[in-house]
Each structure stands twice: as structure tokens, then as C-alpha cells.
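Close look at the chain arrangement
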Amino acid sequence: RVYQAYNEEIARAAVERQTFVAPWNPERMTWIKPSAAWMGYRSGWGGKDRNQARVLAIDLHREGFDWLLATARLAAGQPRGRRSEVVVQWDPERGLGGEAGERAWTQA
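In this text, all values refer to a predicted model and were calculated from it rather than measured experimentally.

Looking at where Val88 falls in the secondary structure, it is placed in strand β4 (residues 87-94). Residue class for Val88 comes out buried when judged on its relative accessible area of 7%. In this structure the C-alpha to C-alpha distance between Val88 and Leu68, which are 20 residues apart in sequence, comes to 8.9 Å.

See below:
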């Protein structure tokens, strides 16, 4: 399970259909996070802006998640990797109050 933040329209359509449909755009870059608390923190608990108002829990097949990581490149400012449409970045874990944890998590 991973988490993504979306605007109300995208989230409503995805929840109703249980899959991503318009107005969702597969060409738009978005980050997935493995931690609900971290996604909540990064989206300002749904109040950061209208494009991050709803956080969705998304179940991925393990094979799909493994493929994302295997084909990914590291984000700018991190050691260089291959060219890819999938970008991985390490950030500190976050607690419910926003405090940085001791471990780092990946976001893709």
C-alpha cells in the first residue's frame, strides 16, 4: 500500500470507480509515499493546497512496486543514476506531529 494526494475531483472519481479515470492524467508527475503519516505531513494534512486535499491509499501488486524501484532513477541532488520516468528520493520519516524520525523513507 502506498499513498498519494490529489484534488477533490480526481479523488472522488477514483474512489467511485476504484481505479484512476479522468480527470486523472497519467502523464502528470506525482509522488507516492509508503507512509500515511508522511503523506499527511507532506500534503499539510489536506490543507496545503487544493491539489493535495485528499490522500488516497493505493494498493499495488508487489511486482508493480518492485518494477517502479528497479527502473527508477535518483532525484536531482542525490547520486546520479539512470534515465527514467520514475524518480526515487529519500526523505526522513515523519511522525504525526511532523517531527523527523530516525529512518529515511523512499518516495517514488
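Picking up where we left off.
What follows covers the packing of aromatic side chains. Summed over all chains, the structure comprises two aromatic pairs. Taken together, a centroid distance of 5.4 Å and an interplanar angle of 50° make the contact between Tyr6 and Phe20 tilted. Within this pair, whereas Tyr6 is found in strand β1 (residues 2-6), its partner Phe20 is found in the loop between α1 (8-17) and α2 (36-42), the two being separated by 14 residues in sequence. Residue class for Tyr6 comes out buried when judged on its relative accessible area of 2%.

Within the largest apolar cluster, eight residues are counted, these being Val2, Tyr6, Ile10, Ala11, Ala14, Ile32, Leu56 and Ile58. Counting residues per element, the ones that place at least two in this core are β1, α1 and β2 (54-58). Looking at this core, the element that brings in the most residues is α1, giving three residues.

Thresholds applied
- Residues numbered from 1 in each chain as written.
- Predicted model: local features only at pLDDT ≥ 70, side-chain atom pairs only at ≥ 80, totals over all residues.
- Heavy atoms only, no water.
- Helix = DSSP H or I, 4+ residues; strand = E, 2+ residues; numbered from the N terminus.
- Buried < 20%, exposed > 50% of the residue type's maximum accessible area, 1.4 Å probe, protein only.
- Phe/Tyr/Trp six-rings, centres within 6.5 Å; stacked < 30°, edge-to-face > 60°.
- Core = buried A, V, L, I, M, F, W, Y, C linked by side-chain atoms within 4.5 Å.

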